[in-house]
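Given next are the chains, with one letter for each unit.
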Amino acid sequence: MGRAEDEVVTLTSELIQIDSQNTGELETTTGEAEAAAYVDAKLREVGYETEVVESGAPGRHNVFARLKGADPDRPALLVHGHLDVVPFNEAEWSVHPLSGSVQDGYVWGRGAVDMKDMDAMILALARQFMAEGTVPPRDIVFAFLADEEAGGAYGAHWLAEHRPDLFEGCTEALGEVGGFSLTLGEDVRVYPVMTAEKSIAWMKLRVRSRPGHGSMIHDENAVTILAEAVARLGRHRFPLVLSESVQGFFDEITALTGIEFPTDSAAALDGAVAKLGGVARVVGATTRDTANPTMLQAGYKANVIPSVAEATIDCRVLPGRQEAFERELDELLGPDVEREWIRNLEAVETSFDGELVDVITRAVQEEDPQAHTLPYMMSGGTDAKAFVKLGMRCFGFAPLRLPPDLDFTALFHGIDERVPVDALQFGTRVLERILRSC
Ligand SMILES: [Zn+2]
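## As for the packing of aromatic side chains
A full pass over the atoms with the stated rule returns 13 aromatic pairs. Centre to centre, the rings of tyrosine 48 and phenylalanine 142 are 6.3 Å apart; their planes meet at 90°, and the pair counts as edge-to-face. With a gap of 94 residues between them, tyrosine 48 in the loop between α2 (32-45) and β1 (51-54) and phenylalanine 142 in strand β6 (residues 140-145) connect regions that are remote in the sequence. We note that tyrosine 48, like phenylalanine 142, is buried. Among the aromatic residues, those joined into a ring-pair cluster are Phe180, Phe249, Phe250, Phe261, Tyr376, Phe408 and Phe412. Here arginine 418 stacks its cationic end above the ring of tyrosine 106, 5.3 Å away from the centre of that ring. The ring of tryptophan 108 is capped by arginine 418, whose NZ or CZ atom sits 5.1 Å from the centre of that ring.

Pasting the structure below:
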């Protein structure tokens, strides 16, 4: 085998060819075991003693391997990636989403940026380090995980709860999402380090009221009461709240480009954020809580007023805002609407400082002298939510130097998902520097 940089494209392509779509249903999510077997074989081939762990349901396989470091007294670093991908509609793509084809300077297919690219970088480096006898400064635990795309109940969260021994000694974690370059003006590139994530809080709303005949006067209709509450919530704008990570992101961009981010009104801030291009849709969502109605259910016949009406709301709450958010919810919904969390994975945040952050910054600057790192909050969530519960500081950094005009954030879960070949190789070099000096 060659160096990681030479192998990473093939590994990315072969991982994409394994169909590990996560449908969110146990019966139809079946490909993770094959992806895990592939990773396991690649690690064993170079001499790792791996452990393959099933996380709570048949076929939900995760692979663990530990590389001993030079200093056994230092805490270990967890380096993790998920092996599942979101589903796709083949008809919408210009190449087959499972082709992993390498053309026009890109590797194409579902998972190319989320996150079989980083899986391949991690795997290639784990193989290279073992093959050449590299001893990192401290223990590195490599983890390839199931079920991230459905929230990790059959992956990271199960493992953190039932097998904390697998993460023994890990105080920091490195995974997705960050590390992709954003080009600002003349040859200035920023590489966000993910230091925070909003919560994933799915809520069921329910109105119970008096049923009746659809032909009669009826002023307590559950559908009407629910619809009014859903509309109030959907139109509501939660207040601007800049957490440390988001403020740090804005401050660094202001220092580099002069773009100011005024906070006197949401419209002014949104206008400034829009200047950042594609990433604006993520960054904008990290300046406030959101509550988007996504599902409605009520009734069974056109002339029967039902006794129950239900709605599902996708809420994403900023770190430290849960209580205030719920107070605001209750005011908006009023006394006639019951609410219940059907999933509530808390927001997480760590500070943008410490040795690992310095190592990341140095590594990326050694490969790209125009690079600047800055903290970043994800509007979605990752497996970091599970590892925070084990006391780890979690960072997201999947390094990719991207062409300035590529709308990268649109590729996540998107059509024609693809990753530039040279970005993959760049990322592998950066990650190698990080792991060699972590
Ligand atoms: Zn992902």
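Let's pick the thread back up.
## Here's the deal with the packing of helix α10 (residues 355-367) against helix α12 (residues 421-436)
Between α10 and α12, the least distance of the axes is 8 Å, while the angle of their chain directions is 140°. When the axis of α10 is compared with that of α12, the two are oblique. As α10 runs across α12, the sense of the crossing is right-handed. Contact residues: α10 offers Val359, Ile360, Ala363, Val364, Glu366 and Glu367, while α12 offers Phe426, Arg429, Val430, Arg433 and Ile434. Of the residues assigned to the contact of α10 with α12, the class counts are 7 nonpolar, no polar and 4 charged.

## Re the coordination of the zinc ion
Only His82 (NE2), Asp114 (OD), Glu176 (OE) and Glu176 (OE) from the protein reach the zinc ion as donors, at distances of 1.8 to 2.6 Å. Metal-centred angles of 53 to 155° between the 4 donor atoms at the zinc ion mark the site as irregular. When the donor residues of the zinc ion are listed from N- to C-terminus, their spacing reads H-x31-D-x61-E. Of the two residues, histidine 82 is situated in strand β3 (residues 76-82) and aspartate 114 in the loop between β5 (106-108) and α3 (116-132); the sequence distance between them amounts to 32 residues.

## Re the nonpolar core
Counting residues in each nonpolar core, the largest one holds 96 residues, and the members touching the most others are Phe142, Ile434 and Leu435. The biggest single contributor to this core is α3, with 9 residues. Grouped together as the second largest cluster of nonpolar side chains are 21 residues, Leu226, Phe238, Ile313 and Leu333 included.

## Concerning the sheet that holds strand β4 (residues 102-103)
Taken in spatial order, the 3 strands of this open sheet run β4-β5-β19, and their pairing is antiparallel. The open sheet terminates on both sides in strands that have one partner only, identified here as β4 and β19 (418-420). Bridging between β4 and β5 involves 2 bridges; their strand directions are antiparallel. Each bridged residue has a counterpart across the sheet, and for valine 102 the counterpart in β5 is valine 107. Lying over the sheet, α12 contacts β4, β5 and β19, oriented at roughly 70° with respect to β19.

The rules we used
- The residue numbering used here restarts from 1 in each chain and proceeds along that chain's sequence as written.
- Only residues with pLDDT of 70 or above have their local features reported here, since the model is predicted, and side-chain atom pairs are shown and tallied only from 80 upward, although totals for entire chains, interfaces and linings are computed over all residues.
- Excluding hydrogens and water, the side-chain figures rest on all heavy atoms present in the structure.
- Two aromatic rings, drawn from Phe, Tyr or Trp (for Trp, its six-membered ring), form a pair once their centres lie within 6.5 Å of each other, and the interplanar angle then sorts them: stacked below 30 degrees, edge-to-face above 60, tilted otherwise.
- Numbering of helices and strands starts at the N terminus; helices are DSSP runs of H or I of at least 4 residues and strands are runs of E of at least 2.
- Relative accessibility decides the category of a residue: with a 1.4 Å probe and only protein chains considered, values under 20% of the type maximum give buried, values over 50% give exposed, and everything between is partly exposed.
- Note on geometry: a ring has a charge over it if NZ (lysine) or CZ (arginine) is within 6 Å of the ring centre and within 35 degrees of the ring normal.
- Under this scheme, a helix contributes an axis fitted over its contacting stretch, all axes are lines through C-alpha atoms, and angles between N-to-C directions fall in the 0 to 180 degree range.
- Any angle that is under 35 degrees is reported as roughly parallel, and any over 145 degrees as roughly antiparallel; angles of 65 to 115 degrees are reported as roughly perpendicular and all others as oblique.
- Each crossing gets its hand from how the near helix is turned against the far one by less than a right angle, where anticlockwise is left-handed and clockwise is right-handed.
- Note on definitions: a residue-residue contact is assigned when non-hydrogen atoms from the two residues lie within 4.5 Å.
- Note that Gly is not counted as nonpolar here; it falls among the polar residues with everything else outside the nonpolar set of Ala, Val, Leu, Ile, Met, Phe, Trp, Tyr, Cys and Pro and the charged set of Asp, Glu, Lys and Arg.
- The rule for donors is simple: an N, O or S atom within 2.8 Å of the metal counts, and for Na, K and Ca the reach is 3.2 Å. Water is not among the atoms, so a site may look short of donors.
- Every geometry call rests on angle ranges, with four donors termed tetrahedral when all angles are between 85 and 135 degrees, four termed square planar and six termed octahedral when opposite donors are over 155 degrees apart and all others are between 65 and 115, and everything else termed irregular.
- The set of buried Ala, Val, Leu, Ile, Met, Phe, Trp, Tyr and Cys residues whose side-chain atoms join them within 4.5 Å is what this entry labels a nonpolar core.
- Only strands joined by at least two bridges in the DSSP assignment are considered to pair.

What is shown is where atoms sit, not what they do.
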